[in-house]
Each structure stands twice: as C-alpha cells, then as structure tokens.
Amino acid sequence: MPAQKIKLPKLSAIILAAGKSSRMKTPKPLLNWGKENLINFQIESLKNSNIEEIIVVIGSNAEEIKKEIISDEVKVVENVDFELGKTTSIKKGLSEINNKNDILLIAVDQPRNKLLIEQISDFHINHPENRKIIMPFSNGKSGHPIIFSNIFFNELTQINEETEGIREVIKRNQDSIIKYKTKDESALIDLNTPEQYEEYLLNHFK
C-alpha cells in the first residue's frame, strides 16, 4: 500500500480591529503604515499558503473601516458588543471560522511583516503536535501572533474579561506552549498611544 499522505493543518486568521482606540484618539485600523493603512497592511501580511481564511472583526467606526478594506478575499464581521471587551471580538471571530482549522490571533495594532507571518506559520505547520500554542519570542519576551491548535477551540469560546481572556487559556496550558525564537523585534510591536506610534514609524520607515 502507498504511504498515506499526511494532511497538514490549515490556519484561520482572526484580525481584531473592533476597539475604540481611546488612547490613540483616532481609529487604529486607519493609521498609515508604510504605503497603506494598518488594516490593509495586516491583511496582506496574512496572505500565505498556510492560511486558509482571514476574518476581520470590526466594531467601533465599523462603516468607515469596512470601506477602507481593499481585499475581497477576507470575511469582515461586525461585533456589536465590542465595548464589552476584546474577548467578545475573539469569540465573534471564532464563530465565523472553520473550526477544524487551527487559529491565529492578531490585533490590528500589532503590525507584522509578511516574512515573519510566513516564518511563524511554517514553524507551526512543521510541529505536528495536536495540542500546541505557538508563541513568538524575541529578546526573551513573548509576542504575537499567537497560534492555537483547534483542540483549544471550545476553550477559547469560553473566555471572558473577568478571567483575562486568552491569558487564562495560556496559563492553564503552559505545557502546550512551543516558542518560536526570532531576532525580529517587530514580533513585539504594540501600538497603544500616539507616542508609541510615532516612535515605531521612525524606527521602521526611516
């Protein structure tokens, strides 16, 4: 008999873009990042052969952001409960994905270049364990995106703000964490304030 071909896992990527951007004082998805805005940059970075579908979760400024999305290869869903916290956006995204897929979570204010996304997703594919949480580490710090194998799907649908969302899932499953070590410090970018945004712009687009 011929050897049975191993079926490699596919990823469903969820971009969280529903927040109010209170500290930034302007919608983060619409901030300039290189030659495009953050939402379109993040979508393009996620397009690779390991990622089967991309879900964009919007909420605050939904119509304005929806009009800016260039790609017709993504599914855009609205979280009407976005003011109740990020966990509601994660659960909204999960409700829209192919739950047989593994899950990549990334926020729109965590811009990652295409190469880094490909490296992390390839690393995930090449570790065939059924129960795993892939986390990038740079300079000893954990970053994003985080990839969960689909065995965690039901656990992720139970998260809430009171128990710190996915942090609680990670705490409960420390033995499932596989570290992707990278020298690419962009794995740690998190744009929360105008000052951080300006600093990262200076460092990345000199």
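Provided above is the structure to which this section pertains.
Residues numbered from 1 in each chain as written. Predicted model: local features only at pLDDT ≥ 70, side-chain atom pairs only at ≥ 80, totals over all residues. Heavy atoms only, no water.

With respect to the overall build of the protein
Along its length, the protein carries seven helices and 10 strands. Expected size for 206 residues packed as a compact globule is a radius of gyration near 17 Å; at 17 Å, the protein falls within 12% of this value. Dimensions of the protein, computed from the C-alpha atoms along their principal axes, are close to 60 × 40 × 35 Å. Taken across its 206 residues, the protein has 50% of its residues classed as buried. A fraction of 71% describes how many contacts in the protein between residues 6 or more apart in sequence connect residues 24 or more apart. Computing the positive centroid from 28 side-chain charges and the negative centroid from 30, the protein places the two 4 Å apart. (Helix = DSSP H or I, 4+ residues; strand = E, 2+ residues; numbered from the N terminus. Rg over C-alpha atoms; globule rule 2.2 N^0.38 Å. Buried < 20%, exposed > 50% of the residue type's maximum accessible area, 1.4 Å probe, protein only. Contact = heavy atoms within 4.5 Å. Lys, Arg positive; Asp, Glu negative; His and termini not counted. Charge placed at Lys NZ, Arg CZ, Asp CG, Glu CD.)

Remarks on unusual backbone geometry
With an omega of 10°, the peptide bond running from H144 to P145 counts as cis. Mapped onto the fold, P145 is located in the loop between strand 8 (141-142) and strand 9 (146-148). Here S21, not a glycine, exhibits a phi torsion of approximately 55°, which is positive. Within the element layout of this structure, S21 appears in the loop between strand 1 (11-17) and strand 2 (32-33).

Here we look at the pairing of strand 7 (residues 133-138)
Counting buried positions over the six residues of strand 7 gives six, a clear majority of the element. Burial along strand 7 is two-sided: I133, M135 and F137 and I134, P136 and S138, pointing in opposite directions, are all buried. In terms of strand pairing, strand 7 meets strand 9 through two bridges, oriented antiparallel. Residue pairing across strands places I133 opposite F148, the latter belonging to strand 9. Relative to strand 10 (residues 177-181), strand 7 runs parallel, the two being bridged by five bridges. The residue bridging F137 from the neighbouring strand is K181, located in strand 10. The pairing of strand 7 with strand 8 spans two bridges and is antiparallel. (Pairing = 2+ DSSP bridges.)

Thoughts on the nonpolar core
If you look at the biggest cluster of nonpolar residues, it comprises 35 residues, and the most contacted ones within it are I15, I39, L46, I51, I54, V56 and L104. Listing elements by their share of this core, those giving two or more residues are strand 1, helix 1 (38-45), strand 4 (51-58), helix 2 (62-68), strand 6 (102-107), helix 4 (114-125) and strand 10. Beyond its immediate chain neighbours, meaning those up to four positions away, I54 contacts A13, I15, I43, L46, K47, V74 and K75. (Core = buried A, V, L, I, M, F, W, Y, C linked by side-chain atoms within 4.5 Å.)

Focus: the pattern of salt bridges
Applying the stated criterion to the full structure yields 10 salt bridges. A salt bridge links E83 to K20; its shortest N-O distance comes to 3.4 Å. With E83 in the loop between strand 5 (75-78) and helix 3 (86-94) and K20 in the loop between strand 1 and strand 2, the pair connects residues that are 63 residues apart, well separated along the chain. Of the residues examined, E83 reaches a relative accessible area of 60% and is grouped as exposed. A salt bridge links K66 to E63; the nearest nitrogen and oxygen atoms lie 3.6 Å apart. Of the two residues, K66 and E63 both sit in helix 2, three residues apart, roughly one turn of that helix. (Salt bridge = Lys/Arg side-chain N within 4 Å of Asp/Glu carboxyl O.)

Focus on the layout of surface pockets
Empty space within the largest pocket amounts to approximately 1100 Å³. Of all the secondary-structure elements, those providing two or more residues to the lining of the largest pocket are strand 1, helix 3, strand 6 and helix 6 (166-172). The class makeup of the residues in the lining of the largest pocket is 15 nonpolar, 13 polar and 11 charged. (1 Å grid on protein atoms, 1.4 Å probe; cavity = no way out; pocket = protein on both sides within 12 Å on 5 of 7 lines; lining within 4 Å. Points joined across faces, edges and corners; volume = space filled by probe spheres on them. Nonpolar A, V, L, I, M, F, W, Y, C, P; charged D, E, K, R; others polar.)

Some words on the pairing of strand 6
Along strand 6, six of the six residues are buried, which leaves the element largely enclosed by surrounding structure. Along strand 6, one buried face is formed by D102, L104 and I106 and the opposite face, lined by I103, L105 and A107, is buried too. Of the strand pairs in this sheet, strand 1 and strand 6 are connected by six bridges, and their pairing is parallel. Looking at strand 6, one finds that L11 is bridged to D102.

Brief notes about the side chain of S176
With respect to the helices and strands, the residue S176 is situated in the loop between helix 6 and strand 10. Setting aside anything within four residues of it in sequence, one finds S176 in contact with R131, K132, I133 and F152.

Points about the packing of aromatic side chains
A full pass over the atoms with the stated rule returns three aromatic pairs. Ring geometry for F148 and F152: centres 6.2 Å apart, planes at 75°, overall edge-to-face. Judged on exposure class, the residue F148 and its partner F152 are both buried. Directly above the aromatic system of F137 lies the positively charged group of K179, at a separation of 4.6 Å from the ring centroid. (Phe/Tyr/Trp six-rings, centres within 6.5 Å; stacked < 30°, edge-to-face > 60°. Lys NZ or Arg CZ within 6 Å of the ring centre and 35° of its normal.)

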